[in-house]
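Summary of structural features
One letter stands for each residue in the lines below.
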Amino acid sequence: MRPDVEAMKADIEQSVALLRRRLDWDVALRKLDELNARVEDPTLWDNPEQAQAVSRERSRLEAQVSAVKDMEQGLEDGIMLADMADEEGDETTFNEAREQLKAIKDRAARAELEALLSGEADGNDAYLEVNSGAGGTESNDWAGMLLRMYSRWARSHGYEVELQEEESGEQAGIKSATLLVSGPNAYGWLKSESGVHRLVRISPYDAAAKRHTSFASVGVSPVVDDSIEIDINPSDVRTDTYRASGAGGQHVNKTDSAVRLTHIPTNTVVACQAGRSQHQNRDQAWKMLRARLYELELQKREAAAQALADAKTDIGWGHQIRSYVLQPYQMVKDLRTEVETSDTQGVLDGDLDPFMGAALAARVGETREG
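Below, the structure is looked at part by part. All values derive from a computational prediction rather than experimental measurement. (Residues numbered from 1 in each chain as written. Predicted model: local features only at pLDDT ≥ 70, side-chain atom pairs only at ≥ 80, totals over all residues. Heavy atoms only, no water.)

**Remarks on helix 1 (residues 3-23)**
Between its first and last C-alpha atoms helix 1 spans 30 Å; for 21 residues at 1.5 Å apiece the expected length is 30 Å, and the two agree. In this structure, the buried side of helix 1 is in contact with helix 2 (25-40), helix 3 (48-88) and helix 4 (91-114). One or two residues past the end of helix 1 sits Asp24, with phi positive at roughly 55°. (Helix = DSSP H or I, 4+ residues; strand = E, 2+ residues; numbered from the N terminus. Expected span 1.5 Å × (residues − 1). Contact = heavy atoms within 4.5 Å.)

**Quick look at the pairing of strand 10 (residues 331-334)**
Every regular strand shows the same layout, with side chains that alternate between the two sheet faces. With four bridges connecting them, strand 9 (residues 320-325) and strand 10 associate as antiparallel partners. Residue Tyr324 lies in a different strand from strand 10, and its bridge partner there is Val332. Counting the residues that bridge the hairpin from strand 9 to strand 10 gives five residues. As defined by bridge partners, strand 10 adjoins strand 11 (residues 340-341) across two bridges and the pair is classed as antiparallel. Within the sheet, the bridge partner assigned to Val332 lies in strand 11 and is Thr341. Here strand 10 folds back onto strand 11 in antiparallel fashion, the turn holding five residues, of which Glu338 has a positive phi close to 70°. (Pairing = 2+ DSSP bridges.)

**Notes on the packing of aromatic side chains**
In the structure shown here, the tally under the stated rule is two aromatic pairs. A centroid spacing of 4.9 Å and a plane angle of 65° characterise the contact between Trp142 and Tyr324, whose relative ring orientation is edge-to-face. Placement of Trp142 in helix 5 (residues 137-156) and of Tyr324 in strand 9 is noted, with a sequence separation of 182 residues between them. Judged by relative accessible area, which is 1%, Tyr324 ranks as buried. Above the face of the Tyr242 ring, Arg260 is positioned so that its terminal group lies 4.3 Å from the ring centre. (Phe/Tyr/Trp six-rings, centres within 6.5 Å; stacked < 30°, edge-to-face > 60°. Buried < 20%, exposed > 50% of the residue type's maximum accessible area, 1.4 Å probe, protein only. Lys NZ or Arg CZ within 6 Å of the ring centre and 35° of its normal.)

**Re the sheet that holds strand 7 (residues 258-263)**
With antiparallel pairing, three strands are arranged side by side in an open sheet as 6-7-8. Among the strands making up the open sheet, the edge pair consists of strand 6 (237-242) and strand 8 (268-272). Taking each pair of neighbouring strands and ignoring which way they run, the sheet shows an average axis angle of 15°. As judged from the six bridges shared by strand 6 and strand 7, these two strands associate in the antiparallel manner. When the bridges of strand 7 are listed, Thr241 appears paired with Val259. (Axes fitted to C-alpha atoms, helices over the stretch in contact; angles between N-to-C directions.)

**Concerning the environment of Arg58**
Mapping Arg58 onto the fold places it in helix 3. Along the backbone, Arg58 and Glu34 are 24 residues apart, and their C-alpha atoms lie at a distance of 9.1 Å. Polar side-chain contacts of Arg58 include one of 2.9 Å to the side chain of Asn36. (Polar contact = N/O pair within 3.5 Å; in protein donor to acceptor, adjacent residues only side chain to side chain.)

**Regarding the pairing of strand 9**
Counting buried positions along strand 9 yields five of six residues, so the element is predominantly enclosed. The sheet contact formed by strand 4 (residues 195-202) and strand 9 spans five bridges and is parallel. Across the sheet, residue Leu199 finds its bridge partner in strand 9, namely Tyr324.

**Some details on the side chain of Ser323**
If you trace the backbone, Ser323 turns up in strand 9. Looking at Ser323, its side chain comes within polar contact range of the side chain of Gln320, at 3.3 Å. Each residue touching Ser323, except ones within four places of it in the same chain, is listed here: Arg198, Met331, Val332, Lys333 and Leu335.

**Quick notes on the pattern of salt bridges**
All chains considered together, the criterion is met by 20 salt bridges. Across the salt bridge formed by Glu91 and Arg2, the nearest N and O atoms sit 2.5 Å from each other. Of this pair, Glu91 sits in helix 4 while Arg2 is found in the segment before helix 1, placing the two residues 89 residues apart along the sequence. For Arg2, a relative accessible area of 23% translates into the label partly exposed. (Salt bridge = Lys/Arg side-chain N within 4 Å of Asp/Glu carboxyl O.)

**Looking at the sheet that holds strand 4**
Within a sheet, each strand pairs with its neighbour through backbone hydrogen bonds, oriented either parallel or antiparallel. Taken together, eight strands build an open sheet; the order of strands is 2-3-1-5-4-9-10-11 and the sheet is mixed. The open sheet has two edge strands, strand 2 (160-168) and strand 11, and neither has a second partner. The sheet contacts of helix 5 involve strand 1 (126-132), strand 2, strand 3 (174-182), strand 4, strand 5 (211-222) and strand 9, and relative to strand 5 the element is tilted by about 45°.

**Some thoughts on helix 3**
In a regular helix each residue adds 1.5 Å, so 41 residues correspond to 60 Å; helix 3 covers 58 Å between its end C-alpha atoms and thus fits that length. Taken from the residues just after helix 3, Gly89 is the one with a positive phi, measuring 70°.

Here it is in structure tokens:
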């Protein structure tokens, strides 16, 4: 077996072994059998909420078990193909086998990181909000670039993306926008993106072609499901309705259908204009408000835990977390984990996994040997 193939085999086997331990493999298989039996029991659906909770748990566990089995089978097939090609001197087939193994290795590494998503809301869908900083057109354009970046990241990982609210900039980009990102572990992956993002580039809006620095903030909140109780006093919430605005399409020709909620004690503001009626937007806005207030509580808990742990990395909410430099050189650098790359276009096109993975590992504070 060639050294590079042997190394990939060892990495995949180590990742799979870790995943099996984290799942408590034999227990997971028994529990999956039990959940399958419960889902097939017609009486379960007499209680729709309980049935949905059981179905979600079954789907989550089934996906985790299937992923491990698929990686094990893929490893076996890839090694067999590589060995056969090596014996026959078939370099084309060997390279194909090597690429297959590399894909499995990357998938196993991501699954290993995903196993660290053990927070109470990590498995939930997420709201991602982008707001431009001071600087007018420059910052608005940067906020629009970030919105595109996260949309592309989410779709490339199979997540559904739905625009909930958008306020366009006067000349370009956006002043603010909120996305609903739906899929397994959406919040767990995106939560580390909260903070201020800095862009340095030659401005396309400056006739003198000078360098400009722009800022935009990103906030991520988990969609709060029925298992999490958030009590909000209605008298603490102010409701405003207004005409939706945006770049055409579903955002035009609506009369006062958009809804803005303000939670007065915390000065938390959410808005929704994606629905066709004020009623739909009001319901969605309340869900968003519950998510934001729950996220505030998570932030308080994390800040307290972080102070006690005296962690090396600053993951303070609202702090600058990443710089994107397009001029005079090309570099994106995460200021918390020191992860950097010169592939700025790849990052802006949604290649965020290296940054998210490093931030996740740093937050959890675990290693492969842990």
